[in-house]
Amino acid sequence: MRITEETPYRFRVEREGGMRVPGIVFASRRLLPDPAADESLHQVANVATLPGIVVASYAMPDMHWGYGFPIGGVAATDLDEAGVVSPGGVGFDISCGVRLLAADLDRDAFEPRLGAVMDALDHSVPRGMKRGSVWRMSDAAKLRDVLEGGACHAVETGHGVKRDLLRCEDGGRMADADPGGISPRAVERGLGQVGSLGSGNHFLEVQAVEEVYDARAAQVFGLRPRQVCVMIHTGSRGLGHQVCSDQVRVMEKAMRRHGISVPDRQLACVPVESEEGHAYLGAMAAATNFARVNRQLLGEAARRAFDSGAGCGLDLVYDVSHNLAMVETHEVDGRRRRLCVHRKGATRAWPPGHPDLPAELADVGQPTLIPGTMGTASYVLTGVRGGQAFHSTCHGAGRVMSRHEAVRRVRGRALRDDLEAHGVAVRGTSWKGLAEEAPSAYKDVTDVVDASVGAGLCRKVARLVPLGVVKG
Amino acid sequence: MPRTDAGHRATAHTADLRVEAWAPTREECVAHAVAAVVESVVGADPPPATTTVERDLAGETDADLLAAAIDEVVYLLETRGLLPSATEVRATPTGLRARFAMVDADALEPVGAIPKAVSLHRLRCERGPEGWWCTVTVDV
């Protein structure tokens with residue numbers, strides 16, 4: 001593999017073998033993965049072999065080893081050139097994403113109430129291995145409404161306020177969802193999980209705005225210095241995972257008929273404009289609507305905890321997905337083209353003036369939410385004119401250490417004590433689970449964000465620091 | 001020389017759970033892979049089983065049968081709150097049949113991240129000169 005440094009934040013993986021386009025990795029030298037320990041650079045090259053891919057196989061500064069696609073991968077295929085859609089380019093956790101809510105309360109006034117709010121969240125946020133959800137679905141018909149209506153259905157049935165929908169991608173509902181394309185097994189897994197956090201790297205954090213870099217954008221987003229916020233990171237839970245598993249199996253068989261071969265089974269794909277391609281996008285949209293309802297319901301649980309524990313409400317800042325394939329129109333080689341843009345661990349970042357932005361955000365761009373690690377910071381970014389990689393940027397800090405190694409090096413109880421000593425309240429479910437998510441297992445989120453800004457992918461709006469962590 | 005030992009272990013993966021297992025037979029090898037996944041969630045000594053669940057596993061290849069076994073564990077955990085404390089696997093004319101001796105997962109303290117799906121990335125289950133060996137990456 002030949003890698004050329006084009007700029008301090010842009011590296012080119014030269015075409016070789018079956019690669020149809022080069023790879024472009026946005027990273028600093030320090031953030032580039034070590035090929036001996038992490039296979040993500042090879043995965044960038046593998047993605048470059050997909051039929052119909054245009055411009056480049058991209059990777060963001062938080063890239064790391066995934067399956068099929070690297071985490072942090074972005075790839076667009078041209079629908080009119082038999083371009084493919086690959087469930088591996090979306091990931092198992094369809095529409096995994098981040099929701100940020102802001103309280104009308106500053107951290108100084110909030111700190112005496114932190115314990116009460118954390119206890120209320122600890123009690124009301126279902127998570128970890130135990131079953132349970134905020135919204136119990138009694139039958140598949142009710143779940144079907146969730147899959148079709150997304151956050152719009154949640155708000156219509158009393159789980160939120162209308163303004164929430166203005167602050168969700170696609171107004172909270174992804175069109176063309178096909179609940180009929182969801183298998184009974186996926187439905188069964190989803191029934192008991194509407195409004196549940198899950199485990200692994202998913203979390204709910206109480207945060208405070210530590211620094212504002214762009215006062216005007218922050219004001220439009222609804223953020224100010226020292227303000228208390230809530231960040232929720234979760235996705236479509238077992239339902240989304242089952243949709244991905246089911247569809248990869250279908251595509252593996254269909255690929256033979258379409259004359260497609262791929263270097264990794266998890267890259268299974270079919271033309272977007274095919275029966276199987278449409279079926280996947282319909283099921284993916286349904287799972288995306290599930291994820292948006294999931295975050296909407298957890299947001300409602302947080303609102304109740306803040307109401308009871310701190311006597312204040314929470315306004316939605318924004319809700320983004322960082323695992324998704326979207327049909328979007330972009331200019332490539334001087335021509336407007338319909339592209340299927342896969343973002344696997346990457347966040348869309350529309351620039352100011354983009355027609356898909358709601359009017360109140362049009363002047364400043366899309367809020368782009370980047371969760372960091374428990375002990376460090378999270379960022380709010382926004383898109384920039386001339387943005388790269390089909391207007392995409394990073395999605396988090398990005399792992400560098402395996403869970404196995406993290407548990408070997410870090411003791412969960414000591415980590416909790418250390419976080420609490422630094423003023424961060426922790427409500428976890430297991431010590432080992434906590435250790436697996438130790439900040440030292442991740443890249444430095446500030447390095448990742450600085451590289452993203454340096455590469456021209458986005459600009460900074462605000463930095464948030466944790467006050468309390470609820471872990472799955 | 002054919003192997004007489006059998007076992008399993010977790011191996012390194014940046015973000016998720018990767019396990020490998022080895023055994024004299026395919027069926028024991030798959031059962032050990034299941035044990036490796038369960039061990040990552042609740043440790044090596046789960047309590048005695050309270051119920052059993054039997055499932056037919058289908059797949060075109062041995063690797064797909066391995067994936068089907070882990071898929072079943074994920075499904076039973078999420079929908080019934082059960083984890084296998086012991087697993088027996090036998091061959092059938094159409095694939096495999098697994099007998100899971102199950103414990104109530106809600107009563108257990110997890111010691112690691114919860115499995116959610118089986119990746120096909122580098123999924124392998126194959127017979128070598130020494131016996132059977134398999135490896136699987138599980139999304140957590």
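Our subject is the structure listed above.
A quick note: this is a predicted structure, and the numbers were derived from the prediction, not measured. In every chain, residue numbers begin from 1 and rise along the written sequence. Numbering of ligands from 1 and lettering of chains from A proceed in the order in which they are written. The predicted nature of this model means local features are confined to residues of pLDDT at least 70 and side-chain atom pairs, given and counted, to a pLDDT of 80 or more, with totals for whole chains, interfaces and linings taken over all residues.

Draft legend 1. Quick look at the overall build of chain A. In terms of helices and strands, chain A carries 13 helices and 19 strands. For 472 residues, the compact-globule estimate of 2.2 N^0.38 gives 23 Å, and the C-alpha radius of gyration of chain A, at 21 Å, lies within 12% of that figure. Along the first, second and third principal axes, the C-alpha set of chain A runs to 60 × 50 × 45 Å. Exposure criterion: with C-beta atoms placed from backbone coordinates, a residue whose C-beta has 20 or more other C-beta atoms within 10 Å is buried, one with 12 or fewer is exposed, and one in between is partly exposed. Split into buried and exposed, the 472 residues of chain A put 63% on the buried side. The way it works is that DSSP assigns letters per residue, a run of H or I at least four long becomes a helix, a run of E at least two long becomes a strand, and they are numbered from the N terminus. In this setup the radius of gyration rests on C-alpha atoms only. A globule is expected at 2.2 Å times the number of residues raised to 0.38.

Draft legend 2. Structural context of the sheet that holds strand 2 (residues 17-23) of chain B. Residues and elements named next belong to chain B. Taken together, the four strands give an open sheet; going across it, the order is 1-2-7-6, and neighbouring strands pair in antiparallel fashion. The open sheet has two edge strands with one neighbour each: strand 1 (7-11) and strand 6 (117-128). Across this sheet, the average inter-strand angle for adjacent strands is 15°, counted without regard to direction. Judged from the eight bridges that link them, strand 6 and strand 7 (residues 131-139) form a sheet pairing that is antiparallel. Residue Cys-125 lies in a different strand from strand 7, and its bridge partner there is Cys-134. This entry defines residue contacts through backbone-placed C-beta atoms, with two residues in contact when those atoms are within 7 Å. Fitting a line to C-alpha atoms yields each axis, with helices limited to the stretch in contact; the angle taken between N-to-C directions then spans 0 to 180 degrees. This element, helix 2 (residues 62-80), spans strand 6 and strand 7 of the sheet and lies at about 135° to strand 6. At least two bridges found by DSSP between two strands is the condition for calling them paired.

Draft legend 3. Quick peek at the nonpolar core. By convention the nonpolar core is taken to be a set of buried residues drawn from Ala, Val, Leu, Ile, Met, Phe, Trp, Tyr and Cys and joined through C-beta atoms within 7 Å. Ranked by internal contacts, the top residues of the largest apolar core, which has 211 residues, are Cys-229 of chain A together with Val-30, Ala-33, Leu-66, Ala-69 and Ile-70 of chain B. Broken down by element, this core gets its largest block of residues, 17 residues, from helix 9 (residues 275-310) of chain A.

Draft legend 4. Representation of the interface of chain A and chain B. Opposite the 34 residues of chain A that make contact, chain B presents 29 residues. Counting residues per element, the ones that place at least two in the side of chain A that touches chain B are helix 6 (184-191), helix 8 (237-258), helix 10 (403-409) and helix 12 (431-436) of chain A. When residues in the side of chain A that touches chain B are grouped by element, the largest group, five residues, is from helix 8 of chain A. Gly is placed with the polar residues, together with every amino acid not listed as nonpolar (Ala, Val, Leu, Ile, Met, Phe, Trp, Tyr, Cys and Pro) or charged (Asp, Glu, Lys and Arg). Considering only residue class, the side of chain A that touches chain B consists of seven nonpolar, 14 polar and 13 charged.

Draft legend 5. The arrangement of helix 1 (residues 26-42) of chain B in detail. Residue count minus one, scaled by 1.5 Å, sets the expected span of a helix. For helix 1 of chain B, which comprises 17 residues, the first-to-last C-alpha distance of 25 Å matches the rise-based estimate of 24 Å (1.5 Å per residue) to within 8%. In terms of residue burial, helix 1 of chain B counts as a mostly covered element, since 15 of its 17 residues are buried.

Draft legend 6. How the structure looks around the sheet that holds strand 13 (residues 335-344) of chain A. All names here are of chain A. The sheet built from seven strands is open, its strands ordered 1-2-3-4-5-13-12 with mixed pairing. What marks the edges here is a single partner per strand, and that holds for strand 1 (3-7) and strand 12 (323-332). With direction set aside, neighbouring strand axes in the sheet form an average angle of 25°. Across ten bridges, the pairing between strand 12 and strand 13 is antiparallel. Bridging across to strand 13, Ala-325 finds its partner in His-342.

Draft legend 7. View of the packing of helix 6 of chain A against helix 2 of chain B. For the pair helix 6 of chain A and helix 2 of chain B, interaxial distance at closest approach is 8 Å and the crossing angle is 40°. When the axis of helix 6 of chain A is compared with that of helix 2 of chain B, the two are oblique. The interaxial crossing formed by helix 6 of chain A with helix 2 of chain B has left-handed handedness. Listed contacts from helix 2 of chain B to Arg-185, Glu-188 and Arg-189 of chain A of helix 6 of chain A are Tyr-75, Glu-78 and Thr-79 of chain B. The cut-offs work like this: below 35 degrees is roughly parallel, past 145 is roughly antiparallel, 65 to 115 is roughly perpendicular, and the gaps in between are oblique. When the near helix sits turned anticlockwise from the far one by under a right angle, the crossing is termed left-handed; a clockwise turn instead gives a right-handed crossing.

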